Amino acid sequence: MFEAGGVPRAALTLQLGSYAGFVGAHWWNLQDAALRCESEVQEQERKICPDVLYRAGRTLSRQETYTPRLILMDLKGSLNSLKQEGCLYGDTKIDTSVAWQGNLMTHQEDPPAKNLFLQDLSKLEGGMSSDGGFSPRALPLSKDVSQLPTQLHVSQKGHQLEGSVRVWSDYLRVRLHPRSIFMIHQYNDDGESSQLEAFGQGESLLHDPTYLEELEDRLHFYVEECDYLQGFQILCDLNNGFSGVGAKVTELLHDEYSGRGILTWGLTPVIHNVGVSWKDFYRLMNTVLGIVHLSSHSSLFCPLSLNGSLGLKPEAPVTLPYVHYDVVAAGTAVPFPMAYGQSLPDALCSYQLAVPWTPLSSCGEQKDSCCFAQSVVLRGIGKENHISNLPPGSQPKSALHVCETGEEVLGSYLHARCPGTFSTSYLIQGPCKVLPPYPQFFSALLNKQGFLLDKLPSCSTAVESIPVLTALQSSPALYSALYRLYKELHQVDVRRWASFFSAGIELYDFQEALHELRTLSQCYKTSSELDESEDEADTD
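Since this is a predicted model, take the numbers as computed values, not measurements.

1. Overview of the sheet that holds strand β1 (residues 10–16)
Hydrogen bonding along the main chain pairs the strands of a sheet, whether they run parallel or antiparallel.
Thought 1: Strand order in this open sheet of six strands is β5-β4-β1-β6-β7-β8, and the pairing throughout is parallel. Two strands lie at the open edges of the sheet, namely β5 (181–188) and β8 (300–305), each paired on one side alone. Shown here is a sheet whose adjacent strand axes are inclined to one another by a mean of 15°, direction ignored.
Thought 2: Direction of pairing for β1 relative to strand β4 (residues 70–76): parallel, over a ladder of four bridges. If you follow L16 over to β4, its bridge partner there is M73.
Thought 3: Contacts between helix α1 (residues 18–36) and the sheet are confined to β1, β4, β6 (229–237) and β7 (261–268), with β6 contributing the most and set at about 125° to the helix.
Thought 4: Where helix α7 (residues 278–297) meets the sheet, its contacts fall on β6, β7 and β8, and the angle it forms with β8 comes to roughly 145°.

Printed below as a string of structure tokens:
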């Protein structure tokens, strides 16, 4: 979360890979929903500055735009109906006349069909061009939310897209700058041929001057217009060749923009355990190399996945309270379980034996609440519910019930759960808006604001916003998760997959990375844990 006021500390986001595109599409849709609803929040309550993530611009026709500060890398075939250059800055009056005087034969391909959501979005935004595309002049996409069409604030038409979404652009709500989409035409998004499936392939892409110079040009375009750049946010696929792309990108940023923060999310989709094949070993080797290289060049690296673990046979996906989802196309937003009208002290006191969040880093269930450091954000709780609402003179139920502010309540809870741990916490009143096309996979026990009801309502209503609690922790659980990855590959002869190493990485380099993974795991080991490596003969 970022405080508004003063010079915005801009951040540039990079999305690397198809799954990063899916996660990023939801991320930007949520940011867009918050931006469109910003006028509902009183000025003194605003704590999130959209200028951190967005940039203001102007088209050739002098129309103001407000688009994500984003570079998105993906493969051929991942855009569907979305144009690579976007639609905001295109000139609809391009001269298509041909100087040739002889006979001509025209071959015209029908544009990809848009789903109902994209069709409705184009209608709401005001216009369609002659070729069925979006007319940018119909919508003032400026940072002034008062200019946005009223329909976009109140539209809650349901769109069941789960069965029809093929690529992330099928439900992307925001409009992108022409410098955002960076396509890799050398590999295909789907099919069995020309796949970006090995770490070495991804590394080799940015050894190619064509791709490297294009990336550097886009970086310079966004960075040089920032008055103050605080750093970069990276969403990167770990399970495929984009782990190699991410390794080179973070290395480039680390070298070229020294002193700027690099926050990297390593993403892995849900893996269905249907047996072990060469693809599973590729996935595991990509993951190990990605973790080692991305973490070494990032200020903070965090793996994210709904898988219970990241090994050859991943454990069952995590369960999310009050969310019913299909693991093939799962979202990761978790409503903070709090009853309607309940106070924050009462809600937190109900979690005496467990923390109120679900792990999403494939580290398994944490045995206790011990961690080395943590940062926690809770948003969506109204100020009237921040502190205890007990009548004057009543006996307080706990130490939380005597706190005078919501920030003190949250800080005291974290201190009690994790004594001696360095903690930072933030409390923001504005909820997380879940406007269409965000999937309506919530429990029927939630009301429109995402709070728990006592019983099932007589008629179901769409959830429009949710309270959310998120936590970043440096935890001993990382030791066992990383060490298990090391053991799985240390016990097999990886030379069996010669094609993986023919893609560009040497066997020695992989063995070195495996050793670095083991060393990294030791950083999170506590004195109370048994060092499994001491009980086994190490044949390194």
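2. Notes on the environment of E407
Thought 1: Inspection of the secondary structure puts E407 in helix α9 (residues 406–417).
Thought 2: What makes E407 partly exposed here is its relative accessible area of 39%.

3. Quick look at the confidence of the model for the protein
Thought 1: For the protein, per-residue confidence averages 81 on the pLDDT scale, and residues scoring 70 or more make up 80% of the total.
Thought 2: This stretch, residues 326–333, has a pLDDT under 50; its non-local contacts, to residues over four places away or in other chains, come to 14 contacts.
Thought 3: Within the model, the stretch residues 532–540 combines pLDDT values under 50 with 15 contacts to residues more than four positions away or in other chains.

Parameters and conventions
- Residues numbered from 1 in each chain as written.
- Predicted model: local features only at pLDDT ≥ 70, side-chain atom pairs only at ≥ 80, totals over all residues.
- Heavy atoms only, no water.
- Pairing = 2+ DSSP bridges.
- Helix = DSSP H or I, 4+ residues; strand = E, 2+ residues; numbered from the N terminus.
- Axes fitted to C-alpha atoms, helices over the stretch in contact; angles between N-to-C directions.
- Contact = heavy atoms within 4.5 Å.
- Buried < 20%, exposed > 50% of the residue type's maximum accessible area, 1.4 Å probe, protein only.
- pLDDT = per-residue confidence, 0-100.

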